[in-house]
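# Architecture and fold: a report
In case you want the letters, here they are:
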Amino acid sequence: MKKIGSGKVREIYEVSDKELVIYTTDRVSAFDVVLPTPVPQKGMVLNKLSQFWFQLTEDIVPNHVVSFDVKDMPEEFSKEQYKDRVVLVKKLKMLPYEFIIRGYMFGSMWKAYQKKEPFCGQVITGEYELAQKLEKPMLTPSTKATEGHDEYSVTHEGLVKDLGADLANQLETACLKLFETCYDYAYERGIIIADTKLEFGLDEAGKLVLADEVFTPDSSRFWNREEYKVGTSPLSYDKQYLRDWLTDNKLAGVTPAPDLPDEVVAKTQEKYLECLDRLVPKA
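Along each chain, residue indices are assigned from 1 in the same order as the chain's sequence is written. This being a predicted model, a pLDDT of at least 70 is required before a residue's local features are given, and a value of 80 or more before pairs of side-chain atoms are given or counted; all residues contribute to the totals for chains, interfaces and linings. Only hydrogens and water are set aside when side-chain values are computed; all heavy atoms of the structure are taken into account.

In the contact formed by helix 1 (residues 42-57) and helix 6 (residues 262-279), the axes pass within 9 Å of each other and the chain directions differ by 25°. On the basis of the axis angle, helix 1 is roughly parallel to helix 6. Judged by the twist between their axes, the crossing of helix 1 over helix 6 is left-handed. In this structure, helix 1 contributes Lys42, Met44, Val45, Leu46, Lys48, Leu49, Phe52 and Trp53 to the contact, and helix 6 contributes Tyr272, Leu273, Cys275, Leu276 and Leu279. Only Asp, Glu, Lys and Arg are considered charged, only Ala, Val, Leu, Ile, Met, Phe, Trp, Tyr, Cys and Pro nonpolar, and every remaining residue, Gly among them, polar. For the contact of helix 1 with helix 6, the residue count by class is 11 nonpolar, no polar and 2 charged. A fitted line through C-alpha atoms represents every axis, and for helices the fit uses only the stretch in contact; the resulting angles, taken between N-to-C directions, go from 0 to 180 degrees. Per the convention used, a helix needs a DSSP run of H or I reaching at least four residues, while a strand needs a run of E reaching at least two, with both numbered from the N terminus. An angle below 35 degrees is read as roughly parallel, one above 145 as roughly antiparallel, one from 65 to 115 as roughly perpendicular, and any other as oblique. Left-handed describes a crossing whose near helix is turned anticlockwise from the far helix through less than a right angle; right-handed describes the clockwise counterpart. Any two residues whose heavy atoms approach within 4.5 Å are treated as being in contact.

Right under this line is the structure:
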């Protein structure tokens with residue numbers, strides 16, 4: 001197969017001029033460094049979570065999925081290593097933005113708020129503590145980072161100027177509806193989606209299509225609802241344990257990256273599997 005892209009976690013193969021296969025590996029990255037030790041079953045978890053969310057939200061906005069069934073894939077993807085890790089998708093003209101929806105006062109937003117600075121061109125009003133739920137979710141689009149380039153936040157006016165008012169409004173409406181729907185679903189199952197990143201493209205007819213991965217621990221900040229407390233820094237479900245280990249051992253961002261101890265791999269795997277177990281109903 002012709003490989004046309006290789007990211008930190010995913011491999012993208014061209015099937016035809018209209019379709020791609022995306023293979024989600026067990027690779028894990030932290031602090032922008034891909035680590036040499038994979039986390040078993042991580043790729044399966046990400047793929048199955050995306051499959052579930054795409055199906056749950058297809059009435060809100062169309063998505064790029066053609067099939068998750070390995071029988072619909074080219075023969076090359078019938079091997080055991082690809083089971084539950086591949087998706088056949090439509091080729092799209094991807095928009096050069098990441099759409100970040102934030103539901104809680106956290107991270108870089110909290111830092112800006114403490115300094116009384118605007119955040120991504122928006123003024124934050126009201127009294128907030130760390131990790132407190134926002135009065136309403138905030139959409140903060142940014143340009144996609146390319147190798148060696150920084151990301152820049154984009155205002156509503158900037159989106160309108162680049163994409164036109166109609167498409168900009170469609171995007172903003174879709175993002176907030178997607179977040180609201182998936183937030184409510186996850187909350188009922190003990191997981192708080194504090195923020196997430198979405199990506200979109202346009203199909204051959206110029207219609208808006210949801211793409212990439214959706215509401216996974218790699219693209220979102222997941223918190224345990226039972227342990228959540230305003231004013232504290234909640235532990236994330238995804239790679240928090242791994243990040244903490246790297247930080248504690250002064251290995252954050254170090255290259256070449258170190259091999260991970262078995263305990264760190266097992267604990268990280270456990271967190272990913274717990275997300276899947278909580279969110280996706282058993283067949």
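Read on, since the account is not over.
The next thing to look at is the pairing of strand 13 (residues 220-224). When accessible area is computed with a 1.4 Å probe and restricted to protein chains, residues below 20% of their type maximum are described as buried, those above 50% as exposed, and intermediate ones as partly exposed. Among the 5 residues that make up strand 13, 4 are buried, leaving the element largely enclosed by the rest of the structure. Here 5 bridges tie strand 11 (residues 191-202) to strand 13, and the two strands are oriented antiparallel to one another. From the neighbouring strand, Asp195 faces strand 13, where its bridge partner is Arg221. Any two strands between which DSSP finds at least two bridges are classified as paired.

It is worth spelling out the side chain of Asp195 at this point. Turning to its location among the elements, Asp195 is positioned in strand 11. Residue classification places Asp195 among the buried residues on the basis of a relative accessible area of 12%. For this analysis, a polar contact is any N or O atom pair within 3.5 Å, provided that within protein one partner can donate a hydrogen and the other can accept it, and provided that sequence-adjacent residues contribute only side-chain to side-chain pairs. A polar side-chain atom of Asp195 sits 2.5 Å from a polar atom in the side chain of Arg221. Excluding residues that lie within four positions of it along the chain, Asp195 makes contacts with Ile101, Arg102, Phe179, Ser220 and Arg221.

The subject of this paragraph is the pattern of salt bridges. By salt bridge we mean one thing: a side-chain nitrogen of Lys or Arg within 4 Å of a carboxyl oxygen of Asp or Glu. One pass over the structure, following the stated rule, counts 18 salt bridges. We note a salt bridge from Glu11 to Lys3, for which the minimum N-O separation is 3.2 Å. Assessed through its relative accessible area of 45%, Lys3 is described here as partly exposed. Counted as one network, the salt bridges with shared partners bring together Lys144, Lys197, Glu199 and Asp212.

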